Amino acid sequence: MGRHVVLIEDEPNITEAIRFLLMRDGWQVDAHADGASATDVIQSAKPDLVILDLMLPGKSGLDIVRELRDCGEMQALPILMLTARGQMKDRERAEKAGVTRFMTKPFSNREVLTAVRDLHAQAGLE
Amino acid sequence: MARQMLTGSRIRERRLMLGLRQSDLAQQVSISASYLNLIEHNRRKIGGKLLVTIAGVLGVEPTMLTEGAEATLLANLREAGADHDTPIAELDRVEEFAGRFPGWAEVLVRSHARIAALERNVQTLSDRVTHDPHLAASLHEVLSTAAAIRSTADILVDSEDLDSSWQQRFHRNINEDAQRLAESSRELVSFLDESGAQSDPSGLPQEEVDRFLIDNSYHFAPLESGEATVAEVIDAAPQLQNDASRQMARRLLVQYANDAGFMPLEDMLTAIQEFGIVPDRLQARFGGRIQQVLRRLAWLPEERLGQEVGLVLCDASGAVLLRKPIAGFSIPQFGASCPLWPLYQALGQPHVPLQHRLRQEGRGGAPLTSFSYAWQAGEAGFERDPQLRAAMVLIAAPADAPAAMSVGVTCRVCDIERCTARREPSILREGF
């Protein structure tokens, strides 16, 4: 099964670290920094999993999730949201929008890897 | 008049007690020594902002000057009792309490004032933490940089066989991020320090305009007399540091000059002395539109008017565009205000003048009269949606005014129970 992830993150050094981490774990990683075109990028890439920052230039992560969930093909796509905002209301808002898992910064690599592997397994892709 | 006469004498008495010369006090409160002399000899009325300013310089509560020390103590004790959650049975014996235990009465009053000041700090900080875009961006920057460092450091520690080019790359990234983190942490600490000192930390355009207006006491005499143009006033304002704030201030002052053009200061003061602050009568006297009269009232110098005038302007989203505070009514700096304000009722009834008696719940709330009005900004058209604006002028209501409607500041720090307009729970009811 596929192990293709699209990473939407505007912080270049986080992107580089996560990209390295996932590639070492056998993932193909496409990274993208702009929120405004993120939905199009994801829809055309058709990845197995998306990692998405909440606060992005151009469009918020939540708006991107809502747009993806409105698209029939993307309703079951596992989405891991990374954010500096960790309040309960932020989590609730993210869940309501359709985020599969929510992780607050600063996270450890182990947490990211475990979450990605779990989501992949739960989606029946492994 | 008797009360006014005593006020002047008390100012003189307090000034002499502090060893201040009349000219020094006059200079500190920006009036002429001869005008202060008239006040001290009870030949000119004093009230509003000038009284508050003089009281501040003399280091006393304004009521100490208007009513004397004993009356101030009793009033403060009554206020402390009234603010208590459960009614105090002995409230009518406050004079006896102050007479028998003056020291304890003073302690109680000071504690009450201290609690009120702390609650105001909670309100300001809560407001800031919840809505300040600079603080949110600053925290986001710190956490994102920390995440980058942590993730990169994890890789370096966990990867014994890491290629040397990758090692160099990640070391460089950590170095860059550590510098960024140091810088953003420093900025965050500086921001919080400045917030504590209540200075202007952020340079947001709206905050710069607010500071500009406050520093000028919401009055621009050179503009009214024709001694300066709008551009000259703006160019001379050190508070306006960026293009956005200068643009906002320019729009405001152009409107100001236009309003002052057909409602000259002296004529307005004469009319108000004749029939009081009655917006529709002022409109009938000077012409123009109601919103212009409301705005003009807020720009009159309070030391000449003899009382404070508050003003809140908002757009159709409810966002506050201009705030001129008045004692007894808090206006949040950030975020949404209380939806019960008549200002927002006016938005639902454009072109209908609304008058209310109101009182803001919480410490320091005072009975006020509000005049609210909403109008369509710009030209109407079948192909253009109306752009509404609303204004609310606030003035002190007489102490014996009929019962007033209760409004809040903003839900987060509002104590009104069973309010159907509530958006979120109050932190005042959650252990604060």
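Read on for a plain summary of the structure. Since the structure is predicted, the reported quantities are computational estimates derived from the model, not experimental observations.

1. Side note on the overall build of chain B
- Along the backbone of chain B there are 19 helices and six strands.
- Evaluated residue by residue, chain B yields a buried proportion of 40% over its 432 residues.
- In chain B, 60% of the contacts between residues at least 6 apart in sequence involve partners at least 24 apart.
- Accessible area of chain B: about 23400 Å², with a carbon and sulfur share of 52%.

2. Let's talk about the pattern of salt bridges
- Enumeration according to the criterion identifies 24 salt bridges over all chains in this entry.
- Its salt-bridge partner being glutamate 106 of chain B, residue arginine 110 of chain B comes within 3.6 Å of it at the nearest N-O pair. With arginine 110 of chain B and glutamate 106 of chain B both in helix 8 (residues 102–131), this residue pair falls four residues apart, about one helical turn.
- The exposed category is assigned to arginine 110 of chain B, whose relative accessible area is 58%.
- Among the ionic pairs, glutamate 224 of chain B bridges to arginine 296 of chain B, the shortest N-O distance being 2.8 Å. Placement of glutamate 224 of chain B in helix 12 (residues 221–225) and of arginine 296 of chain B in helix 17 (residues 290–299) is noted, with a sequence separation of 72 residues between them.
- One salt-bridge network, held together by shared partners, links Glu11 of chain A together with Glu141, Asp177 and Arg180 of chain B.

3. Let's talk about the interface of chain A and chain B
- Between chain A and chain B, the contact holds 16 residues from the first and 20 residues from the second.
- Buried area between chain A and chain B, both sides added, is near 1800 Å², and the carbon and sulfur share of it is 56%.
- Three residues stand out in chain A for area buried against chain B, namely Asn13, Glu16 and Phe20 of chain A, and they jointly supply 32% of the buried area on that side.
- For glutamate 16 of chain A, the salt bridge goes to arginine 169 of chain B, with nearest N and O atoms at 2.5 Å.
- Linking chain A with chain B are ten residue pairs in polar contact (both at pLDDT 80 or more).
- Looking at the side of chain A that touches chain B element by element, the count peaks at six residues for helix 1 (residues 12–24) of chain A.
- A per-class count over the side of chain A that touches chain B returns seven nonpolar, three polar and six charged.

4. Observations regarding the sheet that holds strand 5 (residues 387–396) of chain B
Residues and elements named next belong to chain B.
- As summarised here, the arrangement of the six strands in space is 2-1-5-4-3-6, forming an open sheet in which the pairing is mixed. With one partner strand each, in any of the chains shown, strand 2 (320–324) and strand 6 (405–407) form the two edges of the open sheet. Strand-to-strand twist in this sheet, taken as the mean axis angle between neighbours without regard to direction, amounts to 30 degrees.
- Of the strand pairs in this sheet, strand 4 (residues 368–377) and strand 5 are connected by ten bridges, and their pairing is antiparallel. Paired with alanine 377 across the bridge in strand 5 is glutamine 387.
- Contacts from helix 17 reach strand 1 (310–315), strand 2, strand 4 and strand 5, with the element oriented near 130 degrees to strand 4.

5. A closer look at the nonpolar core
- Core analysis: the largest hydrophobic core is formed by 45 residues, its most contacted members being Phe212, Leu213, Leu253, Leu282 and Leu297 of chain B.
- Residue contacts for leucine 297 of chain B: discarding those within four places in its chain leaves Met268, Ile272, Ile277, Pro279, Leu282 and Val309 of chain B.

6. Considering the environment of serine 337 of chain B
Residues and elements named next belong to chain B.
- Of note, serine 337 is situated in the loop between strand 2 and helix 19 (342–348).
- The class of serine 337 is buried, set by a relative accessible area of 3%.
- In sequence terms serine 337 and threonine 410 are 73 residues apart; their C-alpha atoms lie 4.7 Å from each other.
- Ignoring sequence-local partners within four residues, the contact set of serine 337 consists of Val320, Pro332, Tyr344, Val409, Thr410 and Arg423.
- Side chain to side chain, serine 337 and tyrosine 344 meet in a polar contact 3.5 Å long.

7. Side note on the state of the cysteines
Residue and element names in this part refer to chain B.
- Taken as a whole and judged by the stated rule, the model has zero disulfides over all chains.
- The structure places no disulfide on cysteine 411, whose sulfur is separated from the nearest cysteine sulfur, that of cysteine 419, by 6.4 Å.
- Cysteine cysteine 414 is unpaired, with the sulfur of cysteine 338 as its nearest cysteine sulfur at 6.0 Å.

8. A look at the pairing of strand 3 (residues 354–360) of chain B
Residues and elements named next belong to chain B.
- The two faces of strand 3 differ: Leu354, His356, Leu358 and Gln360 on one face are buried, but Gln355, Arg357 and Arg359 on the other face are not.
- Two elements, strand 3 and strand 4, share five bridges in a ladder whose sense is antiparallel. Within the sheet, the bridge partner assigned to leucine 358 lies in strand 4 and is leucine 368.
- Pairing analysis gives three bridges linking strand 3 to strand 6, with the strands arranged parallel. In the sheet register, glutamine 360 faces strand 6, and the bridge partner there is valine 407.

9. Side note on the packing of helix 16 (residues 279–286) of chain B against helix 17 of chain B
Residues and elements named next belong to chain B.
- For the pair helix 16 and helix 17, the least separation of the axes is 9 Å and the interaxial angle reads 110 degrees. Considering the angle they form, helix 16 stands roughly perpendicular to helix 17. Residue-level contacts link Pro279, Leu282 and Gln283 of helix 16 to Ile290, Val293, Leu294 and Leu297 of helix 17.
- Tallied by class, the residues present in the contact of helix 16 with helix 17 amount to six nonpolar, one polar and no charged.

10. What about empty space enclosed by the protein?
All names here are of chain B.
- Within the structure shown, the criterion is met by one cavity of 30 Å³ or more.
- If you add up the space inside the largest cavity, you get close to 60 Å³.
- Residue lining of the largest cavity: Cys338, Pro339, Leu340, Thr410, Cys411, Cys414, Ile416, Cys419, Ala421 and Arg422, and that is the complete set.
- When grouped by side-chain class, the residues that make up the lining of the largest cavity number eight nonpolar, one polar and one charged.

Cut-offs applied
- Residues numbered from 1 in each chain as written.
- Chains lettered and ligands numbered in written order.
- Predicted model: local features only at pLDDT ≥ 70, side-chain atom pairs only at ≥ 80, totals over all residues.
- Heavy atoms only, no water.
- Helix = DSSP H or I, 4+ residues; strand = E, 2+ residues; numbered from the N terminus.
- Buried < 20%, exposed > 50% of the residue type's maximum accessible area, 1.4 Å probe, protein only.
- Contact = heavy atoms within 4.5 Å.
- Areas by Shrake-Rupley, 256 points an atom, 1.4 Å probe, with all protein chains shown as cover.
- Salt bridge = Lys/Arg side-chain N within 4 Å of Asp/Glu carboxyl O.
- Buried area = accessible area lost by both parts, 1.4 Å probe.
- Polar contact = N/O pair within 3.5 Å; in protein donor to acceptor, adjacent residues only side chain to side chain.
- Nonpolar A, V, L, I, M, F, W, Y, C, P; charged D, E, K, R; others polar.
- Pairing = 2+ DSSP bridges.
- Axes fitted to C-alpha atoms, helices over the stretch in contact; angles between N-to-C directions.
- Core = buried A, V, L, I, M, F, W, Y, C linked by side-chain atoms within 4.5 Å.
- Disulfide = S-S within 2.5 Å.
- Parallel < 35°, antiparallel > 145°, perpendicular 65-115°, else oblique.
- 1 Å grid on protein atoms, 1.4 Å probe; cavity = no way out; pocket = protein on both sides within 12 Å on 5 of 7 lines; lining within 4 Å.
- Points joined across faces, edges and corners; volume = space filled by probe spheres on them.

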